[in-house]
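One letter stands for each residue in the lines below.
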Amino acid sequence: MAGGPPKALPSTGPHSLRDMPHPLAGSSSEEAVGGDSTPSPDLLMARSFGDKSTRVEFDLPEYSVRRRYQDFDWLRSKLEESQPTHLIPPLPEKFVVKGVVDRFSEEFVETRRKALDKFLKRITDHPVLSFNEHFNIFLTAKDLNAYKKQGIALLTRMGESVKHVTGGYKLRTRPLEFAAIGDYLDTFALKLGTIDRIAQRIIKEEIEYLVELREYGPVYSTWSALEGELAEPLEGVSACIGNCSTALEELTDDMTEDFLPVLREYILYSDSMKSVLKKRDQVQAEYEAKLEAVALRKEDRPKVPADVEKCQDRMECFNADLKADMERWQNNKRQDFRQLLMGMADKNIQYYEKCLMAWESIIPLLQEKQEAK
């Protein structure tokens, strides 16, 4: 019995992805179950959501939906279940920036609403996910709970096969292009995780510094009541520190509401991409095992069974979809981080300009007192 990788067997050959019916072409159907109840207004996310296209499956060009966080979680689970070869955008964590943001505050609610809104926009910008039936239901159903309770009657053929792939197949070697993707995602997540931890520490220290400034400034004001000629300069210093405090608070809010959520989204994005990559590896391992089993048969020209060809098709679909989603993700990442870093630079410039302006404003006042002497 010869060792080494199995030799390629005669088959119908690699199909063009355009000519080959995609295993995800079909989708499971869910019919609404009676009921027109509206969820309780507490813990709801309300956001106007516009669909850029005028596709016939959508009755309106724009939707305003009121959904709980668990509804978004349901949608994402359904997308993962029915579109296993695609990268599903991550949901924001339930508790964003622990210890820095009060989860009951308006700021936290607004930050999470923006993140959930972005989640929907990521889906509508995707050429495949935007056509998913569950996404349509999420936007249009009056009683989403009816669909959630009903569940899926039939999984897609692709979802069915991937769901039942077990760990019994061991991948020999991941193709170089996908190995490079895996290595990049590991390094990317590590770097972003480090930046995220340091940024949270910086924000925490800035908040503590802000508390000190708010105690520090008024001391000069109360001191001025005891002085004559120094009274006005001391009041000026107090006002200056107050202006710096306001500027620092704005900078901290911007970092908390705009900078950190993007870091967290892309850390979670890398985890989602790794999950899809792992599913791709499982399908390849299954294909290699089945191919080897056929090669070991004592036949001159063993015929490739239909299940092996189907497994090959699934692997090719995974490869094509994963590469397309990775390219789309990289483009979005470059755009998002350019915008993020530009915004961070502008906010820091504005902060230091405000502080500089505040301190410069009291210099003439101090100089006037010196000249009066």
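Definitions and cut-offs
- Residues numbered from 1 in each chain as written.
- Predicted model: local features only at pLDDT ≥ 70, side-chain atom pairs only at ≥ 80, totals over all residues.
- Heavy atoms only, no water.
- Axes fitted to C-alpha atoms, helices over the stretch in contact; angles between N-to-C directions.
- Helix = DSSP H or I, 4+ residues; strand = E, 2+ residues; numbered from the N terminus.
- Parallel < 35°, antiparallel > 145°, perpendicular 65-115°, else oblique.
- Left-handed = near helix turned anticlockwise from the far one by under 90°.
- Contact = heavy atoms within 4.5 Å.
- Nonpolar A, V, L, I, M, F, W, Y, C, P; charged D, E, K, R; others polar.
- 1 Å grid on protein atoms, 1.4 Å probe; cavity = no way out; pocket = protein on both sides within 12 Å on 5 of 7 lines; lining within 4 Å.
- Points joined across faces, edges and corners; volume = space filled by probe spheres on them.
- Patch = residues over 30% accessible without salt bridge, like charges linked within 9 Å, V, L, I, M, F, W, Y side chains within 5 Å.
- Areas by Shrake-Rupley, 256 points an atom, 1.4 Å probe, with all protein chains shown as cover.
- Salt bridge = Lys/Arg side-chain N within 4 Å of Asp/Glu carboxyl O.
- Buried < 20%, exposed > 50% of the residue type's maximum accessible area, 1.4 Å probe, protein only.
- Phe/Tyr/Trp six-rings, centres within 6.5 Å; stacked < 30°, edge-to-face > 60°.
- Lys NZ or Arg CZ within 6 Å of the ring centre and 35° of its normal.

**Concerning the packing of helix α1 (residues 69–82) against helix α3 (residues 133–140)**
The N-to-C vectors of α1 and α3 enclose an angle of 165 degrees; their axes lie 9 Å apart at closest approach. Classified by the angle between their axes, α1 and α3 sit roughly antiparallel to one another. In this structure, the crossing between α1 and α3 has a hand that is right-handed. Residue-level inspection shows Asp71, Phe72, Trp74, Leu75, Lys78 and Ser82 of α1 in contact with α3, the latter providing His134, Phe135, Ile137 and Phe138. Split into classes, the residues belonging to the contact of α1 with α3 amount to six nonpolar, two polar and two charged.

**Quick word on empty space enclosed by the protein**
Considering all chains together, one arrives at two cavities of 30 Å³ or more under this definition. A volume near 50 Å³ is recorded for the largest cavity. Taken together, Arg76, Glu80, Gln83, Pro84, His86, Leu87, Ile88, Ser272, Ser275, Val276 and Lys279 make up the lining of the largest cavity. When contributions to the lining of the largest cavity are tallied by element, the ones reaching two or more residues are α1 and α7 (231–295). Ranked by residues supplied to the lining of the largest cavity, first place goes to α7 with four residues. For the lining of the largest cavity, a count of residues per class yields four nonpolar, four polar and three charged.

**So, the environment of Glu93**
Mapped onto the elements of the fold, Glu93 is located in the loop between α1 and α2 (106–124). With 22 residues separating them along the chain, Glu93 and Ala115 place their C-alpha atoms 9.5 Å apart.

**Things to note about the layout of surface pockets**
Looking at the largest pocket, its volume works out to about 1100 Å³. Around the largest pocket sit 43 residues that line it, and Lys118, Arg122, Val262, Glu265 and Asp336 are the ones nearest its centre. Of all the secondary structure elements, the ones that give two or more residues to the lining of the largest pocket are α2, α7 and α8 (306–372). Residue composition of the lining of the largest pocket, grouped by class: 17 nonpolar, six polar and 20 charged.

**So, a nonpolar patch on the surface**
Together, Trp223, Leu226 and Leu230 give the surface a local cluster of nonpolar side chains, amounting to about 330 Å² of exposed area. Within the secondary structure, Leu230 sits in the loop between α6 (176–224) and α7. Given a relative accessible area of 42%, Leu230 falls into the partly exposed group.

**Quick word on the packing of aromatic side chains**
This model, assessed by the stated rule, comprises twelve aromatic pairs. With a centroid separation of 6.4 Å and 75 degrees between ring planes, the pair formed by Tyr184 and Trp329 is classed as edge-to-face. With a gap of 145 residues between them, Tyr184 in helix α6 and Trp329 in helix α8 connect regions that are remote in the sequence. Centroid distance Tyr266 to Trp329: 6.0 Å. Interplanar angle 45 degrees. Geometry classified as tilted. Of this pair, Tyr266 sits in helix α7 while Trp329 sits in helix α8, and the two are 63 residues apart along the sequence. Note on accessibility: Tyr266 and Trp329 belong to one class, buried. Linked through ring pairs, Tyr184, Phe188, Tyr266, Tyr269, Trp329 and Phe337 together constitute an aromatic cluster. Seen from the ring of Phe178, Arg280 lies directly overhead, with NZ or CZ sitting 4.4 Å from the centre. The side chain of Lys333 reaches across the aromatic face of Trp329, ending 5.9 Å from its centre.

This is a description of form; function is not addressed.
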